[in-house]
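So you can see what is in the structure, the chains are spelled out below.
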Amino acid sequence: MLDRLRAMLLLGLLCGLGGFACAAHAGYAAIVVDGSNGQILEQVNADHRDYPASLTKMMTLYLTFQELKSGKLQLDQSMAVSAWAAGKSPTKLGLRAGQTISVQDCVLGMITKSANDAATVMAEGIGGSEDHFAEMMNAQAALLGMSDTHFANASGLPDPNNTSTAHDLVKLAMALYRDFPQYAHFFATQEFVFRGHIVRGHNHLMYRYAGMDGLKTGFTDASGFNLASTAVRDGHRLFAVVLGSRTAGGRDKLMARLLDDGFKGEQTPPILVAEAGGVRPGSRAARILEAISPIQTAEADTVPVSERRPGPVRKARHGKSVAVASCGSRGSAACRRAPVHRARRAATRLAAHHPRTKKQPVVVASRRDSDG
């Protein structure tokens, strides 16, 4: 207890130093939610704003599915490609101005290849312009209770005003499956044929994690490697979001561990989330996290979700996360190319451990479509 008290005092001291920004852009985050009741099972930095990167496209897809459900769009409908859409930075499908593309190919392009040109085509087709579509995205975010999110574009390409949180993004992921079950199967797409070429997906974890059937990957230099996932075992569905991992391999292993522990009703040491975000093992930040965590190792005793009580265990709501590893010899090309841009000040990550007395379930505001 004395060691833990010292660590907590040191934590407060570090967060009070002017050189450390403990309140904003903590740099990494994770959350796991029970899909049946919205109960938060794990969370670290879940309410701190960061860059969602291509997880932004989940909202573009939400609005697309909304138009499909209402009958305003059809999957086989042709959409015009503007010069603005064609000029988007990779990744993209390579669309050219003056061409057309079907709504379904735009949906599949966004889900698999995270195509920025396809996202912009849908934004302009639905909103008239990408700027107006961003306003529609923010209006829908408000309806879904995403109070810490602001969208600046349809794709998630770098923009300082395009920010969200793991908490808000998991609300969006859950809303996609709740509001549009008829389109949820698209998120399980591994590859599709587009104009004679096979377009393969970026979500490599989905191909090897049993029960995972979506959702979306994301990466920019500023955001790091992001992932929103959902998986089901024995009829029990979980949703999870990981933000700010240093490598694609670390992100995937972290997500797998979070889901494994969530299905087993176990908790994961917060240091594992921190290490995925770039905190070095043995560093001062790592020692502090280990000292204040109620769970010191992955082999420590855990409390099943059904038996958790208010108090110290609840208070340590940030202490859940997942195993982590750097890209190995089989890491993806994106992983191998990743620049070493995640070497942020370790104390910045300590923002994850401002305690809260109670975990609030994720409540996704329902919305009735007036036109069906």
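> Any chance you could explain the nonpolar core here in plain terms?
Most often, soluble globular proteins keep nonpolar side chains buried together rather than apart. One finds Met58, Met59, Tyr62, Phe65, Leu93 and Val241 to be the most contacted residues of the largest nonpolar core, which totals 63 residues. If one sorts the elements of this core by residue count, helix α7 (residues 166-179) sits on top with 9 residues. Not counting chain neighbours up to four residues away, the residues in contact with valine 241 comprise Ala29, Ala30, Ile31, Leu55, Ala166, Leu169, Val170, Leu227, Ala228 and Met255.

> Got a minute to help me understand helix α8 (residues 248-264) in this structure?
Working note: α-helix, 3.6 residues per turn, so residues spaced by three or four point in the same direction. With 17 residues, α8 extends 24 Å from end C-alpha to end C-alpha; this agrees with the ideal 24 Å at 1.5 Å per step. Taken across its 17 residues, α8 has 14 buried, putting it largely inside the fold. Of the residues trailing α8, glycine 265 is marked for its positive phi of about 70°.

> What am I meant to see in the pattern of salt bridges here?
Proximity of charged atoms lets side chains of opposite charge pair with each other. The tally for this structure, following the rule as stated, stands at 9 salt bridges. In this structure, arginine 200 engages glutamate 191 in a salt bridge whose closest nitrogen and oxygen atoms are separated by 3.4 Å. Aspartate 213 is paired through a salt bridge with arginine 237; the nearest N and O atoms lie 2.9 Å apart. Of the two residues, aspartate 213 is situated in strand β7 (residues 212-220) and arginine 237 in strand β9 (residues 236-245); the sequence distance between them amounts to 24 residues. Relative accessible area serves as the criterion here: at 22%, arginine 237 is assigned to the partly exposed category. Here the salt bridges do not stand alone but share partners, grouping Arg208, Arg251 and Asp252 into one network.

> Looking at this model, I keep getting lost on the sheet that holds strand β1 (residues 29-34). Mind explaining?
What links the strands of a sheet is backbone hydrogen bonding, and the strands pair in either a parallel or an antiparallel sense. Pairing within the open sheet is antiparallel, and its 5 strands lie in the order β2-β1-β9-β8-β7. Each end of this open sheet is capped by a strand with a single partner; those strands are β2 (40-44) and β7. The mean inter-strand angle of the sheet, taken between neighbouring strand axes irrespective of direction, is 5°. Bridge analysis of strand β8 (residues 224-233) against β9 gives 8 bridges, and the strand direction is antiparallel. Across the sheet, the residue bridging to threonine 230 is phenylalanine 239, located in β9. Those strands touched by α7 are β1, β2, β7, β8 and β9, and its axis lies near 140° from that of β9.

> Looking at this model, I keep getting lost on the packing of aromatic side chains. Mind explaining?
Aromatic ring pairs: the centre-centre distance and the angle between the two ring planes describe each pair. Applying the stated criterion across every chain, the model contains 9 aromatic pairs. Taking the centre distance of 4.8 Å and the plane angle of 75° together, the rings of tyrosine 62 and phenylalanine 180 count as edge-to-face. Of the two residues, tyrosine 62 sits in helix α2 (residues 57-70) while phenylalanine 180 sits in the loop between α7 and β5 (191-194), which places them 118 residues apart along the sequence. Take tyrosine 62: its relative accessible area is 2%, and that puts it in the buried class. Since its relative accessible area comes to 1%, phenylalanine 180 is described here as buried. Relative to phenylalanine 239, the ring of tyrosine 177 has its centre 5.6 Å away and its plane inclined at 80°; by these criteria the two rings are edge-to-face. Separated by 62 residues along the polypeptide, tyrosine 177 in helix α7 and phenylalanine 239 in strand β9 bring together distant segments of the chain. Here tyrosine 177 falls in the buried class, since its relative accessible area comes to 12%.

> Whenever I open this one, the pairing of β2 confuses me. Can you help?
Remark: a regular strand shows side chains that alternate across the two faces of the sheet. With 5 of 5 residues buried, β2 is to be regarded as a mostly interior element. Bridge analysis of β1 against β2 gives 4 bridges, and the strand direction is antiparallel. What sits directly across from valine 32, in β2, is glutamate 42. What sits between the antiparallel neighbours β1 and β2 is a turn of 5 residues, in which glycine 38 has the positive phi angle 75°.

Conventions used here
Residues numbered from 1 in each chain as written. Predicted model: local features only at pLDDT ≥ 70, side-chain atom pairs only at ≥ 80, totals over all residues. Heavy atoms only, no water. Core = buried A, V, L, I, M, F, W, Y, C linked by side-chain atoms within 4.5 Å. Buried < 20%, exposed > 50% of the residue type's maximum accessible area, 1.4 Å probe, protein only. Helix = DSSP H or I, 4+ residues; strand = E, 2+ residues; numbered from the N terminus. Contact = heavy atoms within 4.5 Å. Expected span 1.5 Å × (residues − 1). Salt bridge = Lys/Arg side-chain N within 4 Å of Asp/Glu carboxyl O. Pairing = 2+ DSSP bridges. Axes fitted to C-alpha atoms, helices over the stretch in contact; angles between N-to-C directions. Phe/Tyr/Trp six-rings, centres within 6.5 Å; stacked < 30°, edge-to-face > 60°.

So far we have only geometry, and geometry alone does not tell us how the molecule works.
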